[in-house]
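# A look at the structure
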Amino acid sequence: MDDATARRTAAQKPAVPPAPPATGPGATGPDATEPPGAGAPAGPPPATESLVPEPYLTELAAGVHAFIQPDGGWCLNNAGFVTDGDATLVVDTAATERRARLLRRRIAESGAPAPRTVVNTHHHGDHTYGNGVFAPEATIVGHASCRRELLAAGHQLHAVWPEVAYGNIHLTPPEVTYTDELTLHVGDTEVRLIHPGVAHTTGDTIVWLPRERIVFAGDLVFHGGTPFLFMGSLAGSLRALRTLRALDAVTVVPGHGPVTGPEVYDGIERYLQFVGRLAEEGRAAGRTPLETAQEADLGPFAELAESERLVANLHRAYAELAGAAPGVPLDPIAGFGDMAVLNGGVPMACHA
């Protein structure tokens, strides 16, 4: 959404308590690391006095790290980096200046040189707000639609969650863009950027390391959280899962939640199919997306965090059943307002 529509969304006056920062800019938390080549997810570090534990690094292969931000809820995304000791590529940044600077510091503490490249998996602010911490030394790369959407959305998170201490956020869209596929190289490490079509957003990028069999999936994958399709496509998200499966990755870095393996795709696929069935039944019965969501039995999906996203996903599924093109903009006030209703009348909290 652009600044104007986001301001209208914010007019609902979400009472969002900002997550208390750990002791100031650049504060550190404990690391959780694995030996090189480890594919199993690392456990998070112990919680500090903050309500949310600090981010931590886990090494997935030689020169490949994931930067995990518990608890993985709204505004707490994952990032990562690839280095050969001479060059460094970063995958996504963070929602606040403090967290982006912490990511940069963790990269330096690992012994990697300052990043030359940042790849954005899509335009949402939790994945792009920190771009300015790395530019202009680093070139920002993303899908052509990621650039367009970021410029159109403006300070999207500020408008929805104005109370959060974002810091100095200088919007920095991708300056190098692609449309279908693009291959980058970090020394001998091949990094393939793949656009799966409209899925989570119109400008998603899968970051695939074929030799290491590691994939940074962005928000095509939520591990332990509810998928979010409001700005993308239900059909496209199912297609994106097929693209991910075809890569035959061993290690999957989700956009939110702990590192996992390809088995995570099965649960996401079942959830998306569940949303499709609910939409067909609810629309045929003349129920609104909110009514359908309120009457739904979530069953095994009740364990997923951010379950209020169901109603936003139904808005997207209803639109596609009505013939709307994938990714066509929907009314953010309706979508976010219905999520607040489904969230017990309390607006969703940004955890960053």
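You'll find the structure just up there.
Calculation notes
- Residues numbered from 1 in each chain as written.
- Predicted model: local features only at pLDDT ≥ 70, side-chain atom pairs only at ≥ 80, totals over all residues.
- Heavy atoms only, no water.
- Axes fitted to C-alpha atoms, helices over the stretch in contact; angles between N-to-C directions.
- Helix = DSSP H or I, 4+ residues; strand = E, 2+ residues; numbered from the N terminus.
- Left-handed = near helix turned anticlockwise from the far one by under 90°.
- Contact = heavy atoms within 4.5 Å.
- Nonpolar A, V, L, I, M, F, W, Y, C, P; charged D, E, K, R; others polar.
- Buried < 20%, exposed > 50% of the residue type's maximum accessible area, 1.4 Å probe, protein only.
- Polar contact = N/O pair within 3.5 Å; in protein donor to acceptor, adjacent residues only side chain to side chain.
- Salt bridge = Lys/Arg side-chain N within 4 Å of Asp/Glu carboxyl O.
- Core = buried A, V, L, I, M, F, W, Y, C linked by side-chain atoms within 4.5 Å.
- Pairing = 2+ DSSP bridges.

What follows concerns the packing of helix α10 (residues 309-321) against helix α11 (residues 332-342). Axis separation between α10 and α11 bottoms out at 7 Å; the angle between their running directions is 145 degrees. Crossing of α10 over α11 shows right-handed handedness. On the side of α10, the interface is formed by R309, L310, V311, A312 and H315, while α11 contributes A334, G335, D338, M339 and L342. Grouping the constituent residues of the contact of α10 with α11 by class yields six nonpolar, two polar and two charged.

Turning our eyes to something else, we now look at the environment of R239. Residue placement: R239 occurs in helix α7 (residues 234-247). The exposure class of R239 is partly exposed, given its relative accessible area of 35%. Once you skip the residues sitting within four places of it in the chain, R239 turns out to touch P196, G197 and V198.

The linkage connecting P70 with the following residue, D71, adopts the cis geometry, with an omega of 5 degrees. With respect to the element layout, D71 can be found in the loop between β2 (64-68) and β3 (79-83). If you check the backbone angles, D92 has positive phi at about 70 degrees while not being a glycine. Along the chain, D92 turns up in the loop between β4 (88-91) and α2 (97-109). Since its relative accessible area comes to 2%, D92 is described here as buried. We note that R213 has phi near 60 degrees; this positive angle belongs to a residue other than glycine. Of note, R213 is situated in the loop between β10 (206-209) and β11 (214-222). Residue class for R213 comes out partly exposed when judged on its relative accessible area of 34%.

All right, on to the side chain of T260 then. Positionally, T260 belongs in the loop between β12 (251-256) and α8 (264-284). Relative accessible area serves as the criterion here: at 6%, T260 is assigned to the buried category. In terms of polar contacts, T260 uses its side chain to reach the side chain of E263, at 3.5 Å. Apart from the residues lying within four places of it in its own chain, the contact partners of T260 are H223, V250, T251 and V252.

Here the structure, examined in full by the defined rule, presents 11 salt bridges. A salt bridge links R309 to E306, with the nearest nitrogen and oxygen atoms 3.5 Å apart. Shared partners join several salt bridges into a network, and the residues in it are R105, R106 and E109.

In this section: helix α5 (residues 144-153). Turning to α5, its buried residues are A144, S145, C146, L150 and A153. Positive phi shows up at G154, right after α5, with a value of about 60 degrees.

What follows concerns the nonpolar core. Formed by 56 residues in total, the largest nonpolar core has its most connected members in W161, V215, L244 and L310. Secondary-structure elements contributing two or more residues to this core are α6 (156-160), β10, β11, α7, α8, α9 (289-295), α10 and α11. No other element matches the nine residues that α8 contributes to this core. By size, the runner-up hydrophobic cluster in this structure holds 23 residues, among which are I68, Y178, V207 and V253.

Burial analysis of β3 places five of its five residues in the buried class, the great majority of the element. Covered by surrounding structure in β3 are A79, F81 and T83 together with G80 and V82, the residues of both alternating faces. Pairing of β2 with β3, which is carried by four bridges, proceeds in the antiparallel orientation. Its bridge partner lying in β3, H65 is registered against F81. The pairing of β3 with β4 spans four bridges and is antiparallel.

Our focus in this paragraph is the sheet that holds β12. Spatially, five strands are ordered β8-β9-β10-β11-β12 in an open sheet, and the strand pairing comes out mixed. The open sheet is flanked by β8 (181-186) and β12, the only strands paired with a single partner. Taking each pair of neighbouring strands and ignoring which way they run, the sheet shows an average axis angle of 25 degrees. Alignment of β8 against strand β9 (residues 189-194), held across six bridges, turns out to be antiparallel. In the sheet register, L182 faces β9, and the bridge partner there is L193. Strands in contact with α8 are β11 and β12; relative to β11, the strand with the most contacts, it is inclined by about 25 degrees.

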